[in-house]
Amino acid sequence: MDEKPPPLTPLDESWERALCVVAHPDDLEFGAAAAVARWTGQEKAITYCMVTSGEAGIDGMDPEQCREVREEEQRRSAAVVGVDAVEFLGQPDGVLEYGVPLREVIAAAVRRHRPEIVVTGNFRDTWGGANLNQADHIATGRAVLDAVRDAGNRWVFHDQVTGGLEPWGGVRAVWAFGSPESAHGVDTTETFDAGVLSLEAHRAYIDGLGWEDFDAREFLEGMARATGQRLGVAFAASFEVFPMGWGE
Ligand SMILES: [Zn+2]
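Residues numbered from 1 in each chain as written. Predicted model: local features only at pLDDT ≥ 70, side-chain atom pairs only at ≥ 80, totals over all residues. Heavy atoms only, no water.

Caption draft 1: The sheet that holds strand S7 (residues 184-187), seen in detail. Spatially, eight strands are ordered S1-S7-S8-S6-S5-S2-S3-S4 in an open sheet, and the strand pairing comes out mixed. In this open sheet, the two strands that pair with only one neighbour each are strand S1 (9-10) and strand S4 (85-88). Sheet analysis places strand S2 (residues 17-22) next to strand S3 (residues 45-50), joined by six bridges and oriented parallel. In the sheet register, arginine 17 faces S3, and the bridge partner there is alanine 45. On the sheet, helix H3 (residues 100-113) packs against S2, S3 and S4 and is oriented at approximately 160 degrees with respect to S2. (Pairing = 2+ DSSP bridges. Helix = DSSP H or I, 4+ residues; strand = E, 2+ residues; numbered from the N terminus. Contact = heavy atoms within 4.5 Å. Axes fitted to C-alpha atoms, helices over the stretch in contact; angles between N-to-C directions.)

Here it is in structure tokens:
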């Protein structure tokens, strides 16, 4: 059988502004929302930036209608964990491509919000074991890493700078939640319930998945408890840390 997973190091929480960039509405709620609730409770400013509106996510619903439903669900889901700022970048759900155009729209978001920490989702090939990751997640996470560097270079996407956005090189790290390579964690014991409510706000999406009897609490609890054991607490969320400075 598997060896016991190694212990996690607590994340550095000495920062004030974070930008969360993920492919779809619901991505943050499947692993990071309880951590976000903890951070907003510490008076940190968090902005959500959705690369797509998840408009291709419900089989029985036309994408244009779906876009409205899912954007509204995401705004409510964010509000539950104390996040009022939710942006949608309008990129095409299901067919995101890693490349310069994707880096460009994410770099603009980084320049607009000037975060110290950027949170994204796991972009490894799997979630650990045999569960394959999804193409949009992989494209987004890789583009986030590069866009954070692009944002600091005034000569990259220079038309954003001439258009009034200042370069921003202040991102200290990118954190990818749920990565199978995670070596860090954050205690979500106190905010676990908010994370459950945040996932439950995606009602139309969850119903559309057609998973019989999906229970948000049970699902999140399984992950959070296993992660908590590695951090020495009841519940936790895991993150892979990518330092963005030099010489660290
Ligand atoms: Zn997703």
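Now, onward.
Caption draft 2: Spotlight on the side chain of glutamate 29. If you trace the backbone, glutamate 29 turns up in the loop between S2 and helix H1 (33-41). Buried within the structure, glutamate 29 lacks any salt-bridge partner; its nearest side chain of opposite charge belongs to arginine 70, at an N-O separation of 7.3 Å. A polar side-chain atom of glutamate 29 sits 3.0 Å from a polar atom in the side chain of serine 77. Setting aside its immediate chain neighbours within four residues, glutamate 29 contacts Tyr48, Gln74, Ser77, Ser198, Leu199, His202 and Leu220. (Buried < 20%, exposed > 50% of the residue type's maximum accessible area, 1.4 Å probe, protein only. Lys, Arg positive; Asp, Glu negative; His and termini not counted. Salt bridge = Lys/Arg side-chain N within 4 Å of Asp/Glu carboxyl O. Polar contact = N/O pair within 3.5 Å; in protein donor to acceptor, adjacent residues only side chain to side chain.)

Caption draft 3: Examining the nonpolar core more closely. Formed by 28 residues in total, the largest nonpolar core has its most connected members in Val21, Ile106, Val110, Val148 and Val174. Mapped by element, the contributors of at least two residues to this core are S2, H3, helix H4 (135-152) and strand S6 (173-177). Per-element accounting of this core gives the leading share, seven residues, to H4. Beyond its immediate chain neighbours, meaning those up to four positions away, valine 21 contacts Cys49, Val51, Ile106, Val118, Val119, Thr120, Gly121, Thr140 and Val144. Core analysis: the next-biggest nonpolar cluster, separate from the first, contains 27 residues, Trp15, Tyr48, Ile117 and Val119 among them. (Core = buried A, V, L, I, M, F, W, Y, C linked by side-chain atoms within 4.5 Å.)

Caption draft 4: Main features of the packing of H3 against H4. Look at H3 against H4: their axes get within 8 Å of each other, and the N-to-C directions meet at 55 degrees. With respect to each other, H3 and H4 are oriented oblique. Once H3 is placed against H4, the crossing between them reads as right-handed. Between H3 and H4, the residues in contact are Leu102, Arg103, Ile106, Ala107, Val110 and Arg111 and Ala139, Thr140, Ala143, Val144, Asp146, Ala147, Val148, Asp150 and Ala151, respectively. Partitioning the contact of H3 with H4 into residue classes produces 10 nonpolar, one polar and four charged. (Parallel < 35°, antiparallel > 145°, perpendicular 65-115°, else oblique. Left-handed = near helix turned anticlockwise from the far one by under 90°. Nonpolar A, V, L, I, M, F, W, Y, C, P; charged D, E, K, R; others polar.)

Caption draft 5: Quick peek at the packing of aromatic side chains. Applying the stated rule across the entire model yields 11 aromatic pairs. For the pair tryptophan 15 and tryptophan 39, a centre-to-centre distance of 5.2 Å together with 75 degrees between the ring planes defines the contact as edge-to-face. Note that tryptophan 15 is positioned in the loop between S1 and S2 and tryptophan 39 in helix H1, a separation of 24 residues in sequence. Note on accessibility: tryptophan 15 and tryptophan 39 belong to one class, buried. (Phe/Tyr/Trp six-rings, centres within 6.5 Å; stacked < 30°, edge-to-face > 60°.)

Caption draft 6: Highlighting the coordination of the zinc ion. Note on the zinc ion: its protein donors are His24 (ND1), Asp27 (OD) and His137 (NE2). The metal-donor distances range over 2.0 to 2.1 Å. Linear spacing of the donor residues for the zinc ion on their chain is H-x2-D-x109-H. Aspartate 27 sits in the buried class, given a relative accessible area of 9%. (Donors = N, O, S within 2.8 Å, 3.2 Å for Na, K, Ca; no water.)

Caption draft 7: Representation of the pairing of S4 within the structure. Across four bridges, S3 lies against S4 in parallel orientation. In the sheet register, cysteine 49 faces S4, and the bridge partner there is glutamate 87.

Purely geometric numbers; function is a separate question.
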